[in-house]
Amino acid sequence: LEAKGLGKYFQVGGGFRPKQLRALHEVSFALGHRQVVALVGESGSGKSTIARLLVRLMDPSSGKIFFRGKDILQEEPRQASLDYRAQVQMIFQDPFGSLNPVHTIGNHLERPLLLHGKAKGAGELKDRVNELLETVDLRPAAEIASRHPHQLSGGQRQRVAIARALAPGPSVILADEPISMLDVSIRVGVLNLMERLKEERGISYLYITHDIASARYFADRTMVMYAGHIVEGAPSEELMQQPAHPYTQLLLSAVPDPNGSMKSELKAKSGAPKLIDPPPGCPFADRCPNVMAVCRQEMPGTTQLAQDRWVRCHLFGQGASIGKVGSPKEL
Ligand code: SF4
Ligand code: MG
């Protein structure tokens, strides 16, 4: 699944001079087979907007989305879009809000199975539902299927949401903060389940989170977002060891335990970036300890630091390299 130059802009206000809100700007990345890519950033940085564009809940203002080499924004026929929706599924932060309280767990799983032609007849449907529940370790499956959402714990509900996403047989799951509303004690269990499904079913994940420690635990690659821009992308371990972008450094300095406590959350001091009629230049300029004159005039381009690493920052257009930028403690 590949995004190329995705942008999303909204008109806000009206009258003589409507303003423009820049929700996403030139977002590009690729998610490979059986790969986990994390998208890390504060709330409002555009992470969920990317997911909504990728599952086609809305259209981008610019840019393209490719799935297995096909430009999916051009694929209008119903069957093509149904196939794409079967392949690219989404799970959300709030497992309760995404389940209908009047329907049983079984009902929730039957719908996508029928919609995508995965079961015929009542007997087969029941078997598929039970298989899905067992796949996500919800047992005894037949009993769980007869329950209603409020009769399950938060962790069990998120497992139901994962089972529902698996129903059409996807190869990609976009997981938007899938563990952030769960008790800390059960978070790792849900990530481990997702990891097992990756191995067993060849699933790739775009893992959206504000918790950089969980990205290190779960993701092969991590991309950092700020104000609608992806500012840095790198293999997760390298990004955590040697962050290049000043914002990534700030995020990591805010994590109390860099060795990956799942409890730690990003607490970068906020000074909200200006998304409406944003000034020219780097969106991080107002908060950046390394800001230079050029930063307020020109948007930094992408600098390739290694084959699988890149950053968007003028420091790297000026001959700096990783390690020469101040360490997290100095910021
Ligand atoms: Fe800081 Fe300039 Fe780099 Fe932006 S481009 S992060 S303001 S040094
Ligand atoms: Mg969000």
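Residues numbered from 1 in each chain as written. Chains lettered and ligands numbered in written order. Predicted model: local features only at pLDDT ≥ 70, side-chain atom pairs only at ≥ 80, totals over all residues. Heavy atoms only, no water.

Under an unreviewed UniProt entry, the chain has the name ABC transporter ATP-binding protein and belongs to Hyalangium rubrum.

> What is the right way to read the overall build of the chain from this model?
What the chain contains, in helices and strands, is 11 helices and 12 strands. Counting the 331 residues in the chain, one finds 50% classified as buried. Only carbon and sulfur atoms are counted for the fraction: they give 50% of the accessible area of the chain, which is about 15,400 Å². (Helix = DSSP H or I, 4+ residues; strand = E, 2+ residues; numbered from the N terminus. Buried < 20%, exposed > 50% of the residue type's maximum accessible area, 1.4 Å probe, protein only. Areas by Shrake-Rupley, 256 points an atom, 1.4 Å probe, with all protein chains shown as cover.)

> Explain the sheet that holds strand E7 (residues 172–176) to me, please; I cannot follow it from the model alone.
Backbone-to-backbone hydrogen bonds pair the strands of a sheet. The strands run either parallel or antiparallel. With mixed pairing, the eight strands of this open sheet are ordered in space as E6-E7-E8-E3-E9-E10-E12-E11. Where the open sheet ends on each side, the last strands, each with one partner, are strand E6 (88–91) and strand E11 (302–306). The sheet shows a mean angle of 20 degrees between the axes of neighbouring strands, direction not considered. In this sheet, strand E9 (residues 221–226) lies alongside strand E3 (residues 36–40) in parallel orientation, the contact comprising four bridges. Across the sheet, the residue bridging to Val40 is Val224, located in E9. Across the sheet, helix H1 (residues 47–54) is in contact with E3, E6, E7, strand E8 (204–209) and E9; its angle to E8 comes to roughly 150 degrees. Running over the sheet, helix H6 (residues 154–166) touches E6 and E7 and is turned about 170 degrees from E6. (Pairing = 2+ DSSP bridges. Axes fitted to C-alpha atoms, helices over the stretch in contact; angles between N-to-C directions. Contact = heavy atoms within 4.5 Å.)

> Even after reading the chapter, I still don't get the pairing of strand E12 (residues 309–312), so can you show me in this structure?
For a regular strand, the rule is simple: side chains alternate between the two faces of the sheet. Residues Arg309 and Val311 point to one face of E12 and Trp310 and Arg312 to the other, with burial holding for every one of them. Summarising the sheet, strand E10 (residues 229–235) and E12 pair through two bridges and their orientation is antiparallel. Note on E12: the bridge partner recorded for Gly233 is Trp310. Here four bridges tie E11 to E12, and the two strands are oriented antiparallel to one another. Within E12, the position partnered with Gln304 by the bridge is Trp310. Taking the residues between adjacent antiparallel strands as the criterion, E11 and E12 are bridged by two residues.

> Would you explain the sheet that holds strand E1 (residues 2–12) in this entry?
Ordered by their spatial adjacency, four strands build an open sheet running E2-E1-E4-E5, and the pairing between neighbours is antiparallel. Whereas interior strands pair on both sides, the edge strands pair on one side only; in this sheet they are strand E2 (19–30) and strand E5 (70–71). With eight bridges joining them, E1 and E2 adopt antiparallel strand pairing. Bridge assignment links Leu6 to a residue of E2, and that residue is Val27.

> Teacher, can you tell me more about the nonpolar core here?
Nonpolar side chains in soluble globular proteins tend to end up buried together. Core analysis: the largest hydrophobic core is formed by 56 residues, its most contacted members being Ile91, Leu133, Ile162, Leu166, Met194 and Tyr205. Not counting residues within four places of it along the chain, the set of residues in contact with Met194 comprises Ile91, Ile162, Ala175, Pro178, Tyr205 and Phe218. (Core = buried A, V, L, I, M, F, W, Y, C linked by side-chain atoms within 4.5 Å.)

> Even after reading the chapter, I still don't get H1, so can you show me in this structure?
Side chains three or four residues apart in an α-helix point the same way, a direct result of the helix having 3.6 residues per turn. Counting buried residues along H1, six of its eight residues qualify, which places the element largely inside the surrounding structure. Residues of H1 that are buried include every one of Lys47, Thr49, Ile50, Ala51, Leu53 and Leu54, and no others. Just downstream of H1 lies Arg56, where phi reads positive at about 65 degrees.

> Quick question: what am I supposed to make of unusual backbone geometry here?
It is generally the case that most residues other than glycine have a negative phi and that most peptide bonds are trans. The amide bond that connects Arg139 to the next residue, Pro140, takes the cis arrangement and shows omega of -5 degrees. Tracing the sequence through the fold places Pro140 in the loop between helix H4 (121–135) and helix H5 (141–146). Located in the positive-phi region is Glu26, a residue other than glycine, with phi close to 45 degrees. Within the fold, Glu26 resides in strand E2. Even without being glycine, Glu177 reaches a positive phi, approximately 50 degrees. With respect to the element layout, Glu177 can be found in the loop between E7 and helix H7 (184–201). By relative accessible area, Glu177 is classed as buried at 9%.

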